[in-house]
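Results of the structural survey
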Protein chains: 2
Amino acid sequence: MTNDEKAIRTVIEDWARAVESAEREGILANHADDLLMFDFPDVVRGLKAYDRTWDFFFDKPKGPIRYTPRELIVTASEQVAFATCLVHCDGTSAGALDFRLTTGLRKEADAWTIVHEHHSVPTVEERFIGPGSK
Amino acid sequence: MTNDEKAIRTVIEDWARAVESAEREGILANHADDLLMFDFPDVVRGLKAYDRTWDFFFDKPKGPIRYTPRELIVTASEQVAFATCLVHCDGTSAGALDFRLTTGLRKEADAWTIVHEHHSVPTVEERFIGPGSK
């Protein structure tokens, strides 16, 4: 694993831990001002709008927040990288769920910065589910 | 725009045109054998499984296939890149839809190769839709 890959893993794991602790500053750390997020329901543009999405996330929790990335794969050069993982989440008003996360990063002033997040839950709409689907 | 950014735009635009023409070889071109795809309903691993997802896509079309990327943004170094866009799709059994696409690429033998695709439709599940959502 290269130093860049290690640094990116740390950025993503620290972010997930900040979510579990509801530490908004830690959640926003290492994120670009012009971040583009494909959130479950919406396209979210910019860090302020990204920040607001966490208000709903932390509203009416059902228990301790769990936010655990697994199968984290990082593909990195020295300047640009992306990462994929599956996240197990529990404790929010939405209940237990597993979602897919892709993260896009750029190195800025020698620090890896998240410029894109794509969060999605597997669709429940039948029109998208083929005979080969689970 | 760098030559790498131009080359990546071409890879994605050619792929979308191959989808519109139902040219399976063109759809699979520039894709890695160990591709990881987060598809609408499933996690899809490897090029053979990726190929099979197009069987369902092209089954029972309702009209000419439209598959149009817009707002394509490419973030590229010389070796690793990712791209985001919104895709308008029509003509399949699922009817008209707009989805979000993130693509992860790696340069292999001097050619940009797609190693990751994340396709998602905005969720319709109420538990994920906050007061700030559309």
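Note that the coordinates shown come from a computational prediction; the quantities given were computed from them, not determined experimentally.

Moving on to the overall build of chain A. Each helix and strand counted, chain A has three helices and six strands in total. For chain A, the C-alpha radius of gyration of 15 Å lies close to 14 Å, the compact-globule estimate for 134 residues. Along the first, second and third principal axes, the C-alpha atoms of chain A reach 45 × 35 × 25 Å. Considering only residue pairs separated by 6 or more positions, chain A has 49% of its internal contacts joining residues 24 or more positions apart. Split by element, the accessible area of chain A, about 6,400 Å² in all, is 49% carbon and sulfur. In chain A, 16 side chains carry a positive charge and 23 a negative one; their mean positions are 3 Å apart.

Residue and element names in this part refer to chain A. Burial runs high along strand 6 (residues 111-120): nine of the 10 residues are buried. With four bridges joining them, strand 1 (residues 31-38) and strand 6 adopt parallel strand pairing. Each bridged residue has a counterpart across the sheet, and for M37 the counterpart in strand 6 is E117. Relative to strand 6, strand 5 (residues 97-108) runs antiparallel, the two sharing nine bridges. Bridging across to strand 6, L101 finds its partner in H119.

Residue-level contacts link 48 residues of chain A with 48 residues of chain B. By the criterion of area lost to chain B, the three top residues of chain A are A:F82, A:R100 and A:F128, representing 16% of everything that side buries. In this structure, the connection of chain A to chain B is made through two salt bridges. Between B:R45 and A:E71 there is a salt bridge, and its shortest N-O distance comes to 3.2 Å. Where chain A meets chain B, there are 19 residue pairs in polar contact (both at pLDDT 80 or more). Of all the secondary-structure elements, those providing two or more residues to the side of chain A that touches chain B are strand 1, strand 2 (43-45), strand 3 (66-76), strand 4 (80-90), strand 5 and strand 6 of chain A.

All names here are of chain B. The strand order across the open sheet built from six strands is 2-1-6-5-4-3, with neighbouring strands paired in mixed fashion. If you trace the sheet from one side to the other, it starts and ends with strand 2 (43-45) and strand 3 (66-76), each paired once. Between one strand and the next, the sheet's axes are offset by a mean angle of 20°, whatever the strand orientation. As defined by bridge partners, strand 3 adjoins strand 4 (residues 80-90) across nine bridges and the pair is classed as antiparallel. Paired with R66 across the two strands is D90, which belongs to strand 4. Sitting on the sheet, helix 1 (residues 3-20) touches strand 1 (31-38), strand 3, strand 4, strand 5 (97-108) and strand 6 (111-120), and the angle it makes with strand 3 is about 160°.

A separate point is helix 3 (residues 47-57) of chain A. Residues and elements named next belong to chain A. Those residues of helix 3 lying buried are L47, A49, Y50, T53, W54 and F57. Considered in projection along helix 3, the buried side chains sweep an arc of 160° and stay on one side of the axis. In helix 3, those exposed residues whose orientation departs by more than 90 degrees from the buried face are K48 and R52.

This paragraph deals with unusual backbone geometry. Residues and elements named next belong to chain B. Phi angles above zero are rare outside glycine, and A22 is one such case at about 55°. Mapping A22 onto the fold places it in the loop between helix 1 and helix 2 (24-28). Although it is not a glycine, N30 sits at a positive phi angle of roughly 60°. Secondary-structure assignment places N30 in the loop between helix 2 and strand 1.

Okay, the pattern of salt bridges next. Residue and element names in this part refer to chain A. Here the structure, examined in full by the defined rule, presents 20 salt bridges over all chains. In this structure, D55 engages R24 in a salt bridge whose closest nitrogen and oxygen atoms are separated by 3.0 Å. Pair noted here: D55 is in helix 3 and R24 is in helix 2 (residues 24-28), with a separation of 31 residues, a long-range link. Given a relative accessible area of 46%, D55 falls into the partly exposed group. For R24, a relative accessible area of 25% gives the class partly exposed. Beyond isolated ion pairs, a larger network of salt bridges with shared partners links R24, D51 and D55.

Take the confidence of the model for chain A next. When pLDDT is averaged along chain A, the result is 95, and 98% of the positions lie at 70 or above. Predicted complex, confidence summary: ipTM 0.96, pTM 0.96.

What counts and how
Residues numbered from 1 in each chain as written. Chains lettered and ligands numbered in written order. Predicted model: local features only at pLDDT ≥ 70, side-chain atom pairs only at ≥ 80, totals over all residues. Heavy atoms only, no water. Helix = DSSP H or I, 4+ residues; strand = E, 2+ residues; numbered from the N terminus. Rg over C-alpha atoms; globule rule 2.2 N^0.38 Å. Contact = heavy atoms within 4.5 Å. Areas by Shrake-Rupley, 256 points an atom, 1.4 Å probe, with all protein chains shown as cover. Lys, Arg positive; Asp, Glu negative; His and termini not counted. Charge placed at Lys NZ, Arg CZ, Asp CG, Glu CD. Buried < 20%, exposed > 50% of the residue type's maximum accessible area, 1.4 Å probe, protein only. Pairing = 2+ DSSP bridges. Buried area = accessible area lost by both parts, 1.4 Å probe. Salt bridge = Lys/Arg side-chain N within 4 Å of Asp/Glu carboxyl O. Polar contact = N/O pair within 3.5 Å; in protein donor to acceptor, adjacent residues only side chain to side chain. Axes fitted to C-alpha atoms, helices over the stretch in contact; angles between N-to-C directions. Arc of directions from axis to C-beta. pLDDT = per-residue confidence, 0-100.

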